[in-house]
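The chain contents come next:
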Amino acid sequence: MGNNKDNYRQIAIDGPAGAGKSTIARMIAEKLGFYYLDTGAMYRAVAYKALASGISLHDEHRVADLARHLTIQLDHSNKQSVFCDGEDITAKIRDVQVSRAVSTVASYPGVRERLVELQRLEAQKGNVVMDGRDIGTHVLPGAKIKIFLTASPEERAHRRYQEISKTNHDISFEQVLADLEKRDALDSQRQYAPLKPAEDAIIVDTTGLTIEGVVTKIIEIIRGDRS
Ligand code: DC
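Basis of the calculations
Residues numbered from 1 in each chain as written. Predicted model: local features only at pLDDT ≥ 70, side-chain atom pairs only at ≥ 80, totals over all residues. Heavy atoms only, no water. Helix = DSSP H or I, 4+ residues; strand = E, 2+ residues; numbered from the N terminus. Expected span 1.5 Å × (residues − 1). Buried < 20%, exposed > 50% of the residue type's maximum accessible area, 1.4 Å probe, protein only. Arc of directions from axis to C-beta. Contact = heavy atoms within 4.5 Å. Pairing = 2+ DSSP bridges. Near = heavy atom within 4 Å. Polar contact = N/O pair within 3.5 Å; in protein donor to acceptor, adjacent residues only side chain to side chain. Areas by Shrake-Rupley, 256 points an atom, 1.4 Å probe, with all protein chains shown as cover. Nonpolar A, V, L, I, M, F, W, Y, C, P; charged D, E, K, R; others polar. Axes fitted to C-alpha atoms, helices over the stretch in contact; angles between N-to-C directions. Parallel < 35°, antiparallel > 145°, perpendicular 65-115°, else oblique. Left-handed = near helix turned anticlockwise from the far one by under 90°. Salt bridge = Lys/Arg side-chain N within 4 Å of Asp/Glu carboxyl O.

Trainee: I'm lost on helix 1 (residues 21-32) in this one. Help?
Mentor: Every α-helical turn comprises 3.6 residues, leaving residues that sit three or four positions apart pointing alike. For helix 1, spanning 12 residues, the distance from its first C-alpha to its last is 16 Å, which sits close to the expected 16 Å at 1.5 Å a residue. Along helix 1, the residues that are buried comprise K21, I24, A25, I28, A29 and L32. Down the axis of helix 1, the buried set is contained in an arc of 135°. They therefore lie on one face. In helix 1, those exposed residues whose orientation departs by more than 90 degrees from the buried face are E30 and K31. Just past helix 1, the residue G33 takes up positive phi, approximately 75°.

Structure, rendered in structure tokens:
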């Protein structure tokens, strides 16, 4: 553990898709008065832009080049809007096509190096709660608190399905589960900065817990660390 050089407090929340990271991280940031950074949104922005530009997802060189030249702005206010080269892509990055493409672009070292650089710059702005896959292991290894949030694949798929089916009536629960398991496998088996808990992370299994229950549990962990 230990402090980072700027003495800002950093809370890293990692875990697989659908574990509730963004909702929980946002609520914790709000309670603590920290700002929140959704790093998954940055990988999604690259995937969205590659799809929109007609770049083949398998062209690692071009996708990495795209990531290096992209302007990504995350608005830290309540709406967490995401802008890419000035375009508001907040809703677009949640499309099923982007969700299916994102693990591929996130596996490219050139993409990760660029986004990690931006994420570390963001962390120099103040106290932060950052969520992702490699925050505790790679982006902010000096984070004071590292939480690894998880839940069973069925529960995670169920949560995702409830969310997605509000706007997409063509997708089935089985499809959501299959997509999620595929993404889990890609994210945890990639060579560079794979999804895994940091050695000093606290694992929090959210299966069967309410969002409020998880938030309370994590706030207790943070307060316990302070005393
Ligand atoms: O959290 P999310 O579902 O929005 O993340 C989208 C994808 O981005 C996910 O498949 C893994 C990848 N990702 C990553 O590799 N590293 C991060 N720090 C955050 C997300």
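Trainee: Is there a simple way to think about helix 3 (residues 60-69) in this case?
Mentor: Among all positions of helix 3, only V63, A64, L66 and A67 are buried. Looking straight down helix 3, one finds that the buried residues subtend no more than 155° of arc, so they occupy a single side. Exposed and facing more than 90 degrees away from the buried side of helix 3 are H61 and H69. Residues of helix 3 that are buried in the fold lie against helix 2 (39-52), helix 4 (96-106) and helix 5 (109-123).

Trainee: Which parts of the structure should I look at to understand the pairing of strand 7 (residues 145-150)?
Mentor: Successive residues of a regular strand alternate their side chains across the two faces of the sheet. In terms of burial, strand 7 is largely enclosed, as 5 of its 6 residues are buried. Looking at chain direction, strand 1 (residues 10-14) and strand 7 are connected through 4 bridges and run parallel. Of the residues in strand 7, the one forming a bridge with A12 is K146.

Trainee: How should the site of the ligand be read in this particular structure?
Mentor: In the neighbourhood of the ligand, 16 residues make up the surrounding shell, with R44, R112, D134, R183 and R190 lying closest. Contact distances for the ligand include 3.0 Å between a nitrogen atom and a side-chain N or O atom of T39. D187 places a side-chain nitrogen or oxygen 3.0 Å from an oxygen atom of the ligand. Protein contacts shield 98% of the accessible area of the ligand, which totals 450 Å² for the unbound molecule. Per element, the largest residue contribution to the shell around the ligand is 4 residues, and it comes from helix 2. Here the residues of the shell around the ligand sort into 4 nonpolar, 4 polar and 8 charged.

Trainee: How should I be thinking about the packing of helix 2 against helix 4 in this particular structure?
Mentor: Each pair of packed helices can be described by the angle between their axes along with the distance between the axes. Between helix 2 and helix 4, whose axes approach to 8 Å, the crossing angle comes to 105°. Compared by their axis directions, helix 2 and helix 4 come out roughly perpendicular. Counting all contacts with helix 2, which are made through Y43, R44, V46, A47, Y48 and L51, the residues of helix 4 involved are Q97, V98, S99, A101, V102, V105 and A106. Taken together, the residues of the contact of helix 2 with helix 4 break down into 10 nonpolar, 2 polar and 1 charged.

Trainee: How should I be thinking about the packing of helix 7 (residues 153-164) against helix 8 (residues 173-189) in this particular structure?
Mentor: Contact geometry of helix 7 with helix 8 gives a least axis separation of 9 Å together with a crossing angle of 120°. Here helix 7 lies oblique to helix 8, going by the angle between them. Crossing of helix 7 over helix 8 shows right-handed handedness. On helix 8, the residues touching P153, E154, R156, A157, H158, R160, Y161 and I164 of helix 7 are F173, V176, L177, L180, E181, R183 and D184. In terms of residue class, the contact of helix 7 with helix 8 is made up of 8 nonpolar, 1 polar and 6 charged.

Trainee: Sorry if this is basic, but what is going on with the environment of E30 here?
Mentor: Tracing the chain through its elements places E30 in helix 1. With a relative accessible area of 66%, E30 lands in the exposed category. Put simply, E30 and G40 are 10 residues apart on the chain and 19 Å apart in space, counted from C-alpha to C-alpha.

Trainee: Just to check I follow, could you spell out the pattern of salt bridges for this structure?
Mentor: Opposite charge on two side chains allows them to pair when their charged atoms are near. Applying the stated criterion across every chain yields a total of 13 salt bridges. In this structure, the salt-bridge partner of D134 is R112, at a minimum N-O distance of 2.9 Å. With D134 in the loop between strand 6 (128-132) and helix 6 (135-139) and R112 in helix 5, this pair connects stretches of sequence that are 22 residues apart. Grouping residues by exposure puts D134 and R112 together as buried. Residues R190 and D187 are paired through a salt bridge, measuring 3.7 Å at the closest nitrogen-oxygen approach. Overall, the relative accessible area of 7% leaves R190 in the buried class. D187 sits in the buried class, given a relative accessible area of 5%. Because the salt bridges share partners, they merge into one network encompassing R133, D187 and R190.

Everything listed is a geometric property; what it means functionally is a separate question.
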